[in-house]
Amino acid sequence: MTINQTPQVVTIAGSDSGGGAGIQADLKTFQARDVFGMSIVVALTAQNTLGVQSSLPIPCDFVAEQFDSLAADFHIRACKTGMLADKEHVQVVVQKLKEVDFGPLIVDPVMIAKGGHSLLKREAVDCIKKELLPLATVLTPNIPEAEVLVQQDIKTSEDMIQAAYDLQQMGVKNVVIKGGHSSDILAKDFVLLENGETFWMSSKRIETIKTHGTGDTFSSCIAAEIAKGKSVKEAIQIAKSFIQGAIEQEIFVGHGHGPTNHWAIPAQDILID
Ligand SMILES: Nc1ncnc2c1ncn2[C@@H]1O[C@H](COP(=O)(O)OP(=O)(O)OP(=O)(O)O)[C@@H](O)[C@H]1O
Ligand SMILES: Cc1ncc(COP(=O)(O)O)c(N)n1
């Protein structure tokens, strides 16, 4: 019996021992957005706000077992991927996503942590492009990730727009190019929807170094909202408001790139036009 079940969402990603990014940021976001969150752990990291000290991929068979456990019991309405470590892990995730029905997939193509540590081996990029992107309902690269995927420099707003079209050509339905890494005075993200509609989401760029896990938080909020029945467009707009509030209402944790505040905005308080 699946009717009237509480919205359930799963993140397929890496664990951040420091609690600000990865699986931990995703689960906190799911909680804040009133959905039941689950996790398929692809890799562990020993990490804090100062950086990633080391990482350890989970054996691929065990990643597959986690998919099987969840598929056997839960009615998952949306899922997201984050850190996928290497080609073998991308392949097992692709294979299992094709076997199970976890609803719309949000792909956050995590490659390098803010501190510079690689979270995806370079040889996995081709596999992500050819095998994972065609399964994605929404793709949310930041500018450096979009540059790697489209193999072009992204310096201007026009470059962001072009990259979104190039990524849609790779089989993704909806694309958000996040502008957190740009030098624009606004935090400006470009959105290209499946139906061809485009728009910019702009917000004040907050002067802070506490942006650890912003991308994870943004993409997991999109997954949560889609699981609750929001359209892709609404889900993306809510995620933008959510991450803005989470950065703005700062918390004081750690000595480096601190995490965002996942409980900044109560679930019912986000209104979009
Ligand atoms: N300083 C800031 N002020 C306001 N919004 C920001 C700021 N930095 C990032 N954002 C917003 O946060 C969201 C995530 O963007 P960002 O480019 O930081 O993702 P990311 O690099 O993938 O994050 P991470 O790798 O830390 O998970 C976007 O909506 C972006 O506009
Ligand atoms: C397990 C994991 N997943 C994702 C990120 C990206 O977050 P950031 O770019 O803020 O370091 C991370 N640092 N760790």
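Residues numbered from 1 in each chain as written. Chains lettered and ligands numbered in written order. Predicted model: local features only at pLDDT ≥ 70, side-chain atom pairs only at ≥ 80, totals over all residues. Heavy atoms only, no water.

**Student:** Where do I start with the packing of helix α5 (residues 143–150) against helix α6 (residues 157–169) in this structure?
**Tutor:** Direction vectors running N to C along α5 and α6 enclose 50 degrees, while the axes themselves pass 10 Å from each other. Accordingly, the angle class assigned to the pair α5 and α6 is oblique. The two elements α5 and α6 meet at a crossing, and its hand is left-handed. Judged by residue contacts, Ile 143, Ala 146, Leu 149 and Val 150 of α5 engage Met 160, Ala 163, Asp 166 and Leu 167 from α6. (Axes fitted to C-alpha atoms, helices over the stretch in contact; angles between N-to-C directions. Helix = DSSP H or I, 4+ residues; strand = E, 2+ residues; numbered from the N terminus. Parallel < 35°, antiparallel > 145°, perpendicular 65-115°, else oblique. Left-handed = near helix turned anticlockwise from the far one by under 90°. Contact = heavy atoms within 4.5 Å.)

**Student:** Which parts of the structure should I look at to understand the pairing of strand β7 (residues 174–177)?
**Tutor:** For a regular strand, side chains alternate in direction, first toward one face of the sheet and then toward the other. Side chains of β7 alternate between two faces, with Asn 174 and Val 176 and Val 175 and Ile 177 buried alike. As defined by bridge partners, strand β6 (residues 138–139) adjoins β7 across 2 bridges and the pair is classed as parallel. In the sheet register, Val 138 faces β7, and the bridge partner there is Asn 174. Examined bridge by bridge, β7 and strand β8 (residues 186–192) share 3 bridges and lie antiparallel to one another. Within β8, the position partnered with Val 175 by the bridge is Leu 192. (Buried < 20%, exposed > 50% of the residue type's maximum accessible area, 1.4 Å probe, protein only. Pairing = 2+ DSSP bridges.)

**Student:** Just to check I follow, could you spell out the packing of aromatic side chains for this structure?
**Tutor:** The relative placement of two aromatic rings is captured by the distance of their centres and the angle of their planes. On inspection of all chains with the given rule, the structure shows 3 aromatic pairs. The cationic tip of Lys 188 hangs over the ring face of Trp 200; the distance from NZ or CZ to the ring centre is 4.6 Å. The ring of Phe 199 has Lys 233 sitting right over it, with the charged end atom 5.5 Å from the ring centre. (Phe/Tyr/Trp six-rings, centres within 6.5 Å; stacked < 30°, edge-to-face > 60°. Lys NZ or Arg CZ within 6 Å of the ring centre and 35° of its normal.)

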